[in-house]
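# Chain and residue survey
Residues per chain are reported as follows:
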Amino acid sequence: LTSSDVEQAGSDLQDLREEVADTTKEIMKLVARRIELSKRIGEVKSRGSLPIDNEKVEDALLEEVLRECERLGLDQQLGTKILATLVRESKKAQRTRVGGKQQQLITPMVMMAKATEIEKGGRKLIRLDVGEPDFRPPKAVLDVVSSALYSYKTYYTVGRGIPELLSALRSYLAIRYNYREAAENQLIVTPGGRFAVYSALATVASEGDSVVVIEPNWPAYKEGLDYIGARAITVRTTFDERWEPSPERVKAAIRPNTKAIVLSYPSNPTGKIMDKASFAEIVEIADDRGLTVISDEIYNDYAYRPCPTILDDLPKKYILTSSFSKAWSMTGFRVGYSFAPAETSSRMLKILGLMITCVPDFIQRGAVKALEAVDEVSRNSRTMKERIDATSAELAEIDALELIKPEGAIYAFPQAKDPGFDSSAFAIELLEKKGVTVSPGTGFGDYPRCFRVSLGQPQETLSAGVKKIGEMLG
Ligand code: PMP
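In this report, we go over the structure that sits alongside the text. (Residues numbered from 1 in each chain as written. Predicted model: local features only at pLDDT ≥ 70, side-chain atom pairs only at ≥ 80, totals over all residues. Heavy atoms only, no water.)

Following the sequence through the fold, Ala 396 ends up in helix α13 (residues 374-396). For Ala 396, a relative accessible area of 60% gives the class exposed. Sequence spacing of Ala 396 and Pro 414 is 18 residues, and the spatial spacing of their C-alpha atoms is 9.1 Å. (Helix = DSSP H or I, 4+ residues; strand = E, 2+ residues; numbered from the N terminus. Buried < 20%, exposed > 50% of the residue type's maximum accessible area, 1.4 Å probe, protein only.)

As a further point, take the sheet that holds strand β10 (residues 411-412). With antiparallel pairing, the three strands of this open sheet are ordered in space as β10-β14-β13. In this open sheet, the two edge strands, each paired with only one partner strand, are β10 and β13 (439-440). Summarising the sheet, β13 and strand β14 (residues 451-454) pair through two bridges and their orientation is antiparallel. In the sheet register, Ser 439 faces β14, and the bridge partner there is Arg 452. (Pairing = 2+ DSSP bridges.)

A few words now on the sheet that holds strand β7 (residues 318-323). The seven strands lie next to each other as β2-β8-β7-β6-β5-β3-β4, forming an open sheet whose pairing is mixed. Because the sheet does not close on itself, it has two edges, and the strands there are β2 (187-190) and β4 (231-236). Strand after strand, the sheet turns through a mean of 20° between neighbouring axes, direction not considered. Sheet analysis places strand β6 (residues 292-296) next to β7, joined by four bridges and oriented parallel. Each bridged residue has a counterpart across the sheet, and for Ser 295 the counterpart in β7 is Leu 320. Sheet strands in contact with helix α10 (residues 276-289) are β5 (258-263) and β6, and its direction is about 165° off that of β5. (Axes fitted to C-alpha atoms, helices over the stretch in contact; angles between N-to-C directions. Contact = heavy atoms within 4.5 Å.)

A few words now on a negative patch on the surface. On the surface, Asp 12, Asp 15, Glu 18 and Glu 19 cluster together to form a negatively charged patch. As for its position among the elements, Asp 15 is in helix α1 (residues 3-47). On the accessibility criterion, Asp 15 (46% relative accessible area) is partly exposed. (Patch = residues over 30% accessible without salt bridge, like charges linked within 9 Å, V, L, I, M, F, W, Y side chains within 5 Å. Areas by Shrake-Rupley, 256 points an atom, 1.4 Å probe, with all protein chains shown as cover. Salt bridge = Lys/Arg side-chain N within 4 Å of Asp/Glu carboxyl O. Lys, Arg positive; Asp, Glu negative; His and termini not counted. Charge placed at Lys NZ, Arg CZ, Asp CG, Glu CD.)

Let us now look at the packing of aromatic side chains. Under the criterion given, the structure shown has 16 aromatic pairs. Between Tyr 299 and Tyr 411, the aromatic rings sit 5.7 Å apart at their centres with planes inclined by 85°, giving edge-to-face as the arrangement. Here Tyr 299, found in the loop between β6 and β7, pairs with Tyr 411, found in strand β10; they are 112 residues apart in sequence, far enough to count as distant. Taking the relative accessible area as the measure of exposure, Tyr 411 reaches 1% and is therefore buried. Aromatic pair Phe 413 and Phe 444: ring centres 5.7 Å apart, planes at 85°, arrangement edge-to-face. Here Phe 413, found in the loop between β10 and β11 (415-416), pairs with Phe 444, found in the loop between β13 and β14; they are 31 residues apart in sequence, far enough to count as distant. Like Phe 413, the residue Phe 444 is buried in the burial classification. (Phe/Tyr/Trp six-rings, centres within 6.5 Å; stacked < 30°, edge-to-face > 60°.)

Structural data, given as structure tokens:
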């Protein structure tokens, strides 16, 4: 290597860097022009009272970008990622022109915050918004957790979970679901089902990707995807279709950048249980398209007709998420789990390791004990069935409402007969005038006529709440 070689390399590098800087400036100019155009689109939309979101336009643009990537030899994942950023900025720019305050969505979390604030002021409310059962956690779990504390199970554990819990989960899947093939490196102990769901979404979808979700559903799927920068493509189900999703529509929702389909049955908020045949069809569609099925089976012990599980017939790519929160009524313990192919599982584990290292040891000891508490789970499930029966009958007495009787989970999701019903306004009024909280349907998708009544309260409380709902609507 001569000194002139080094000099030449230095000068070549200088030229290239200048070109890179110029190209970057060009990109910025183009971005500025695109945002300027978006603002003008915002003005036009505002004049015509047109919505900001337009799925067809977004789909067409995505197709064009993918074709262009192919033509240019550019990585398509990079193309979709850049497009996602541009589209997000465009919507932001349009919003500044369309103006008007974005209405706050009243999700269950928002309702919970409002109610807790009022309760702090001393007012007693009937809380039918919170998605948690009122049952006591199994006594044996409390004993084990407290003795675990006093025997100093108070240090870090391996990220995946303590061997005792992983082994107990394997036996549980074998006994409860007749699934015998689970290996320890496919399981992760998570802080609740919520973390399992988020890490599943973040593992399968990146910025610019999309995931199919069926509405109405628990809002955290969409919120999680938003946070990741991925798009939730919603397949809407309706009261008139008895909340039954059609596999055809799921298939039609799949885009070139779709990575997964989220299923969750029994459903929060409708209590719907999907037919085994439809479930199997959706799994087949996912397999055909190389998509992951994320199945959130947190309510599986509250099922009053046979409920499909991905363990019946595993998709090629799958993530099962579940939790101790509902069946064992252990919401505050924050413990759940996921089950996925080993490689997917290890990618999910990275997120957990990065964020919380592990679920507390003494909590995991409690979870081991919970898996033995079969009687408590059956009792909780029976009680919930009685509440579904009684509350459905009481809701049916209210003329202004109609209800598809829940087949599982811990909620009822009635719909107002009045097509112009605004459940957000109703929920606020019900809270202020009658001291009863429910979750408006708009928290679960575009369902302004519906609201969710949580059955996680003793029957007397439920009956008193439903009575007040009737009075409000009477
Ligand atoms: N999935 C669904 C469908 C839920 O309704 C909930 C809680 N409301 C969760 C997951 C998460 O529960 P947790 O984090 O307490 O396990």
